[in-house]
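# A closer look at the structure
The residues making up each chain are set out below.
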Amino acid sequence: MPILVDWKGDEKNILLLTFPPRWTWNEFKEATDQTALLLAEVDHTTDIIFDLKNSSVPVSGSPFEAGNAFFKSMPPNRGVIIMVTNAFIRSLASIFKTIDREFGALLYPVDS
């Protein structure tokens, strides 16, 4: 099942990425490409919500490498990235905020 990427509202100031229970890093790459394309359609700052609350991280591959690739592929009008997470993903986000301070400054894990 793919990661769904869509605008949250007609204002196009929030993109919502909804992750299924199981997904792959290839699907994440596809969602990254789609996110970058949608952000390029607007000329204002757009925040991004990752809805990972019912999801788990793929067992193979590196979440840090994928997160870094996501950050580098985003156009300059991307705003903050809010991650609706479970406890495991929240701990990964905390580590990522320490490793990559530039990207980490934009990353906000929340429970709901």
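All of the points below concern the structure found in this document. What you see is a predicted model, and the numbers here were worked out from it, not measured in a lab. (Residues numbered from 1 in each chain as written. Predicted model: local features only at pLDDT ≥ 70, side-chain atom pairs only at ≥ 80, totals over all residues. Heavy atoms only, no water.)

### Observations regarding unusual backbone geometry
One non-glycine residue, Lys12, lies in the positive phi region at around 55°. In this fold, Lys12 is placed in the loop between strand E1 (4-7) and strand E2 (14-18). (Helix = DSSP H or I, 4+ residues; strand = E, 2+ residues; numbered from the N terminus.)

### Thoughts on the pattern of salt bridges
Counted under the stated rule, the structure contains three salt bridges. With a shortest N-O distance of 2.7 Å, Lys29 and Asp33 are connected by a salt bridge. Taken as a pair, Lys29 and Asp33 lie in helix H1 (residues 25-40) at a separation of four residues, close to a single helical turn. A relative accessible area of 47% places Lys29 in the partly exposed class. For Asp33, a relative accessible area of 34% puts it in the partly exposed group. (Salt bridge = Lys/Arg side-chain N within 4 Å of Asp/Glu carboxyl O. Buried < 20%, exposed > 50% of the residue type's maximum accessible area, 1.4 Å probe, protein only.)

This is a description of form; function is not addressed.
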